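Structure at a glance
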Amino acid sequence: MKKCFYLIVIIISYFSFLISHSSCTQDAYDKGEGKYSLMRADFVEAHANAEKKIDQIITDEGEQLLASKPFTAKLVVTPDSIYRCILYYNKVRDKKGQDVFEPISIGQVPCPNITPISALNKEMKTDPVKFESAWLSKTGKYLNMSLYLMTGTTDDDEATQTLHVIQDTIMTNLDATRTSHLRLYHDQAGIPEYYSSQVYASILTSQIEADSVYLTINTYKGLVTKSFSLR
């Protein structure tokens, strides 16, 4: 029986993640000052309290906001923990006149560990993806990626696409600064390429022991390399 891959299973650095792009379930925005008229979307660090409820966030802009009311989410499995997420929300004022956020939708964003190529226990694969963008958070804490993977139906229920972030080399420059060269590992795993599904990933820059980084991604239009200054 054919299986349709509406969710892409991403395996990064030997751990499995289910990636689904969280989105508003409303087909059209309300007019005027409705619930969705002022909706924002940000990459955030979401804090879960002792009751496993998300009570505050820090956005990639560095803004810290309390929840208007702590709320539960399926992604929270551990009390007193931090989760990397994409959050859809309204920013409002509470009764004390302080900015708080009202959640609309939240989805987890995987934070892959960087794997040295010497530790990769399989063939290096760079099957093409659709590249949308890569950017540093304003705080400099995360290097974010937005990609589209081509997918479709297959008879193999075990087939899953996999992504890794591979540390290729670290070069010392003439000015004594260091540059890390990263490559995106992608295994299409024989899955048909009928339609695209968007996925996000965030790399903690604290893992990159260099002053700058080059990230190379194989796309359907050829290699794309993005460079970022970290220090």
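Attention here is on the structure that accompanies the text. All figures in this text were calculated on a predicted structure; none of them were measured in a lab.

1. A closer look at the sheet that holds strand β14 (residues 178-187)
Each strand in a sheet pairs with its neighbour through backbone hydrogen bonds, running either in the same direction (parallel) or in the opposite one (antiparallel). The strand order β9-β13-β14-β16-β17 describes an open sheet built from 5 strands, whose pairing is mixed. Each edge of the open sheet is held by one strand with a lone partner, namely β9 (114-116) and β17 (222-229). If you compare each strand with its neighbour and ignore which way they point, the axes differ by 30° on average. The pairing of strand β13 (residues 162-172) with β14 spans 10 bridges and is classified as antiparallel. The residue bridging T169 from the neighbouring strand is H181, located in β14.

2. Side note on the sheet that holds strand β8 (residues 99-108)
Read once around its circumference, the closed barrel built from 5 strands follows the order β4-β5-β6-β8-β7, with strand pairing classed as mixed. On average, adjacent strands in this sheet sit at an angle of 50° to one another, irrespective of strand direction. As defined by bridge partners, strand β6 (residues 64-71) adjoins β8 across 2 bridges and the pair is classed as parallel. Considered in β8, the bridge of A67 is made with F101.

3. Thoughts on the packing of aromatic side chains
Under the counting rule described, the total for this entry stands at 4 aromatic pairs. Measuring from centroid to centroid gives 5.2 Å for F43 and Y200, while their planes differ by 85°, and the two rings are edge-to-face. On the criterion of sequence distance, the pair formed by F43 in strand β4 (residues 40-48) and Y200 in strand β15 (residues 195-204) is long-range, its members being 157 residues apart. Where F71 meets F101, the ring centres are 6.2 Å apart and the plane angle is 85°; that geometry is what we call edge-to-face. Here F71 is found in strand β6, whereas its partner F101 is found in strand β8, with 30 residues between them in sequence. An aromatic cluster is present here, built from F43, W135 and Y200 joined pairwise through their rings. Of note, R84 hangs over the ring of Y142, and the distance from its end group to the ring centre comes to 3.7 Å.

4. Considerations on unusual backbone geometry
Backbone geometry at K52 places phi at a positive 60°, although glycine is not the residue there. For K52, a relative accessible area of 36% corresponds to the partly exposed category. The residue A189 is not glycine, and still its phi comes out positive at about 60°. Mapped onto the elements of the fold, A189 is located in the loop between β14 and β15.

5. Regarding the pattern of salt bridges
A full pass over the atoms with the stated rule returns 8 salt bridges. Of the charged contacts in the structure, one is a salt bridge between D99 and K91, with a shortest N-O distance of 3.9 Å. According to the relative accessible area criterion, D99 is partly exposed, its value standing at 32%. Judged by relative accessible area, K91 falls into the partly exposed class, the value being 29%.

About the criteria used
Residues numbered from 1 in each chain as written. Predicted model: local features only at pLDDT ≥ 70, side-chain atom pairs only at ≥ 80, totals over all residues. Heavy atoms only, no water. Pairing = 2+ DSSP bridges. Helix = DSSP H or I, 4+ residues; strand = E, 2+ residues; numbered from the N terminus. Axes fitted to C-alpha atoms, helices over the stretch in contact; angles between N-to-C directions. Phe/Tyr/Trp six-rings, centres within 6.5 Å; stacked < 30°, edge-to-face > 60°. Lys NZ or Arg CZ within 6 Å of the ring centre and 35° of its normal. Buried < 20%, exposed > 50% of the residue type's maximum accessible area, 1.4 Å probe, protein only. Salt bridge = Lys/Arg side-chain N within 4 Å of Asp/Glu carboxyl O.

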